[in-house]
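Letter by letter, the chains look like this.
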Amino acid sequence: MPMFQSGFFLNPGKALRWLQHGLFWLLLLGLRFYLTNISFNVYGGFPISSMLLLNTCSTGVIVLFYYTLVYYLWPKYLVSHKYVKGVLLILLLLVVYTISDAIAEKFLISSCAPCMARLAKTEPGYFQLIKSDLSNIVLVRLVTFGTPFFLLLTLTIPISIKTALNAYRSNMRSVTLAKQKLELELNFLRAQLNPHFLFNSMNNIYGLIIAGDTERSAGLVSRLSELLRYMLYESDADTMPLSKEVKLMADYIELEKVRLNFTRVAFNPPTILADIGIAPLLLIPLIENAFKFTPDEPGAFIDMTLTVTPDSIDFKIENSVDPARPDSLSGGIGLVNMRKRLGLYYPGRYRYEVSTNGNNYSVNLCLSL
């Protein structure tokens with residue numbers, strides 16, 4: 001059975017596409033059969049069986065032309081920018097189609113006595129053309145552009161449908177890839193944050209335990225446990241309640257403050273948070289960056305303010321930096337990752353501003369909801 005695992009019957013998507021193709025060509029055949037009954041059509045008045053056979057053969061030749069053009073010549077030559085060879089092969093395919101269709105029509109009409117009698121009476125010019133040599137029929141069809149014009153009219157609908165479907169599938173693939181990229185970057189952010197942050201936090205807690213501060217160390221272990229549980233298991237959704245994100249930020253800040261001796265840290269979130277969704281772990285890189293580059297020395301500070309309205313979320317951080325550090329004003333990979341996620345989660349709906357004033361560094365992120 002393994003050899004059939006990718007086959008037609010075990011691939012519902014492929015089976016459905018071919019079923020759709022088949023239904024379309026059957027519809028086209030029915031339409032052509034209906035149109036042949038119109039009085040001005042040269043096949044008008046032919047026996048029903050002959051009209052059905054003529055239209056079936058003509059539609060079959062069109063199907064072969066269409067699939068050869070769309071699934072072979074177009075992608076292999078025109079999409080690959082081999083225009084000269086592609087155009088020549090399309091012209092050759094047009095000639096082959098004309099010859100095939102002319103052979104089928106000449107044979108089927110010539111072998112139908114009522115059809116020939118009907119043509120002789122109502123379409124003497126076409127009757128003489130059918131009685132002439134095959135080469136003359138092919139030449140007349142090509143020189144008068146009758147065959148190219150007929151093909152253009154017939155194939156406009158299927159080619160337009162295929163072009164629209166390809167554009168739709170391409171758009172869906174782009175959306176899927178963007179989503180996969182978003183998930184990968186979120187996983188990367190988690191992987192980047194957890195090891196280094198966990199290492200520092202455990203060291204800090206261990207230091208408190210050695211110093212005998214068991215009450216504070218127990219509280220920090222509880223915060224760390226809640227924070228890691230949230231990051232690993234609860235933040236898989238596209239958005240999370242802002243209240244949970246604020247709780248995560250507060251826990252993170254408390255864990256980072258343990259290692260500081262001189263730096264003043266202030267976090268001012270709203271006391272009452274509306275039930276607003278936000279992309280998970282989006283603001284943590286800004287906080288992480290502030291703690292990473294703020295020197296722990298007298299006068300150092302980190303001020304964080306979160307402002308929430310029904311239409312926006314505004315998060316501002318201002319902190320002191322050491323200008324002597326060449327990377328203190330550029331940020332790390334976490335901020336690069338955050339900018340990418342902003343473009344995916346909030347395209348055209350965010351404002352990210354960075355400014356410096358002497359030894360102070362300021363970041364302002366505003367999200368439009």
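My aim in this report is to walk through the structure given alongside it, one point at a time. Nothing here was measured: the structure is a model prediction, and the numbers come from that model.

## Quick word on a nonpolar patch on the surface
Inference 1: Taken together, the side chains of Val84, Val87, Leu88 and Leu91 define a hydrophobic patch exposed on the protein surface, amounting to about 380 Å² of accessible area.
Inference 2: In this fold, Val87 is placed in helix α3 (residues 83–110).
Inference 3: Here Val87 falls in the partly exposed class, since its relative accessible area comes to 42%.

## Examining the pattern of salt bridges
Inference 1: Considering all chains together, one arrives at eight salt bridges under this definition.
Inference 2: A salt bridge links Asp251 to Lys247; the nearest nitrogen and oxygen atoms lie 2.7 Å apart. Within this pair, Asp251 and its partner Lys247 are both found in helix α9 (residues 242–257), separated by four residues, close to a single helical turn.
Inference 3: Residue classification places Asp251 among the buried residues on the basis of a relative accessible area of 2%.
Inference 4: Among the residues examined, Lys247 registers a relative accessible area of 45% and is labelled partly exposed.
Inference 5: Close ionic contact of Arg259 with Glu256 constitutes a salt bridge, the shortest N to O distance being 3.0 Å.
Inference 6: A residue is classified by how much of its surface remains accessible, and Arg259, at 32% relative accessible area, is partly exposed.
Inference 7: Each of Asp101, Glu105 and Arg141 takes part in one network of salt bridges that share partners.

Quick notes on the rules
- Residues numbered from 1 in each chain as written.
- Predicted model: local features only at pLDDT ≥ 70, side-chain atom pairs only at ≥ 80, totals over all residues.
- Heavy atoms only, no water.
- Patch = residues over 30% accessible without salt bridge, like charges linked within 9 Å, V, L, I, M, F, W, Y side chains within 5 Å.
- Areas by Shrake-Rupley, 256 points an atom, 1.4 Å probe, with all protein chains shown as cover.
- Salt bridge = Lys/Arg side-chain N within 4 Å of Asp/Glu carboxyl O.
- Helix = DSSP H or I, 4+ residues; strand = E, 2+ residues; numbered from the N terminus.
- Buried < 20%, exposed > 50% of the residue type's maximum accessible area, 1.4 Å probe, protein only.

So, to be careful, I would describe these as geometric facts and stop short of saying anything about function.
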